[in-house]
Amino acid sequence: MAEHAEDSGPKSETLMEKIAEKIHGHGHDSSSSDSDNEKPSSPSAVKSAMNRLFGRQKPVHKVFGGGKPADVFLWRNKKISASVLGVATAMWVLFELLEYHLLTLVCHCLILSLAILFLWSNASTFINKSPPRIPEVHLPEEPFLQIASALRIEINRAFSVLRDIASGRDLKKFLGVIAGLWVLSIVGSWCNFLTLFYIVFVLLHTVPVLYEKYEDQVDSFAEKAMHEIKKQYVVFDAKVLSKIPRGPLKDKKKL
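The rules behind these values
For every chain, the first residue of the written sequence is number 1, and numbering continues from 1 along that sequence. Only residues with pLDDT of at least 70 get local features here, since the model is predicted, and only at 80 or more are side-chain atom pairs given and counted; chain-wide, interface and lining totals rely on the full set of residues. Based on all heavy atoms of the structure, the side-chain values leave hydrogens and waters out of the count. Note on conventions: DSSP H or I runs of at least 4 residues are helices, E runs of at least 2 residues are strands, and numbering of each starts at the N terminus. We call a residue buried when its accessible area falls under 20% of the maximum for its residue type, exposed when it is over 50%, and partly exposed in between, using a 1.4 Å probe and counting protein chains only. Note on definitions: a residue-residue contact is assigned when non-hydrogen atoms from the two residues lie within 4.5 Å. Only the protein chains shown count as cover for residues, and the accessible areas themselves come from Shrake-Rupley with a 1.4 Å probe. Only residues above 30% relative accessible area that lack a salt bridge enter a patch, with like-charged residues linked at up to 9 Å and the nonpolar side chains Val, Leu, Ile, Met, Phe, Trp and Tyr linked at up to 5 Å. Take a side-chain nitrogen of Lys or Arg and a carboxyl oxygen of Asp or Glu: if they are within 4 Å of each other, that pair is a salt bridge. UniProt positions are given in the numbering used here, feature names are shortened, and annotations may be inferred rather than shown by experiment.

1. Some points on the overall build of the protein
For the protein, the helix and strand inventory stands at 10 helices and zero strands. Residue burial in the protein is summarised as follows: out of 255 residues, 11% are buried. Within the protein, counting contacts between residues at least 6 apart in sequence, those at least 24 apart form 57% of the total. In the form shown here, the protein has an accessible surface area of approximately 21800 Å², with 67% of it arising from carbon and sulfur atoms.

In C-alpha cells:
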C-alpha cells in the first residue's frame, strides 16, 4: 500500500506539471496574440488607409485600364512610350510650327509610297529579283466597336452629369464645372485645338508616371489641400452662398 502511494505520488505530480504547463502555454499564446494585435500596422496598411487623390482605390495602372495604353502612359516599355511621344511631337512640329496640312501630308506620303512600289514592281523583271510583297490590309471590326461603345458610355455619363448639374440640386458641383469650363476657355484662347491636344498628350505621358513614383507625397499634400479647400468653402458658403435664394429642390407632384 505504501509502495502504491509512493508510485501514485510522482504520477500525480507529473500530471499537475503538465496541466500547469498547458495553462502557462495558453496564457503565453494569448499574451503573444494580444501583443501581435497591439503591434503597429504595416506600411501597406497605412498606405491603403491614406486618402488617395480623387478618392482613388485602385493602382494607377488599373485606373488607366490596365492594358497596353496604361503601359504606354506609365512607361512600362520605354522604347514604345518614347516612340509614341516622338511621333506626336513630330506631328505637332509639322502641323503647328511648319504649318503643314494633314491632307497634304497624307497625299505626299501616298504619292511617295505608290511611286516606290510601282517602280520596284516594274524594275524587278529587269534585275531578276522578286517583286515586293504587298500585304492585304483588313481592319478588324471588334476594336472599332469597342472604341465606339466606350465613347458612347462616357458621352452618356457626361450628359447625365450635365443634367444633374442643370437641375440645380448640387451647387458645389455646378460651381466646380463652371470654373473648369472657364479655365478651359481661357486655355483655348491661348492656343488652337492641335496645340491643346498635344499639351494634353504630353501631360498624359509625364504626369501619371511622376504621380506613380511619388504618389505618397502627392496624396499627402492633396489631402491637406482638400481639407483647406473644404474649410474655405464652408466659410464661403456661410457668407455668400447661404444668402442666395434657391428654388425648391423637390419636383412638384403632378396632379
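The discussion continues.
2. Section: a nonpolar patch on the surface
A cluster of nonpolar side chains, Val 87, Met 91, Leu 102, Val 106, Leu 110 and Leu 114, forms an exposed patch at the surface whose accessible area comes to about 550 Å². When contributions to the nonpolar patch are tallied by element, the ones reaching two or more residues are helix 5 (78-97) and helix 6 (102-123). No other element matches helix 6, which puts four residues into the nonpolar patch. The topology assignment puts Leu 102 in helix 6.

3. Quick word on the UniProt feature "transmembrane region" (unreviewed entry) in the protein
Per the UniProt record, "transmembrane region" (unreviewed entry) is annotated on residues 101-120 and 174-204. Here residues 101-120 runs as 95% helix and 0% strand, with 29 Å between its end C-alpha atoms. In residues 174-204, the share of helix is 94% and the share of strand is 0%. The end C-alpha atoms are 26 Å apart.

4. What about unusual backbone geometry?
Even without a glycine there, the phi angle at Trp 75 is positive, about 60 degrees. We note that Glu 99 has phi near 55 degrees; this positive angle belongs to a residue other than glycine. Positionally, Glu 99 belongs in the loop between helix 5 and helix 6. Overall, the relative accessible area of 61% leaves Glu 99 in the exposed class.

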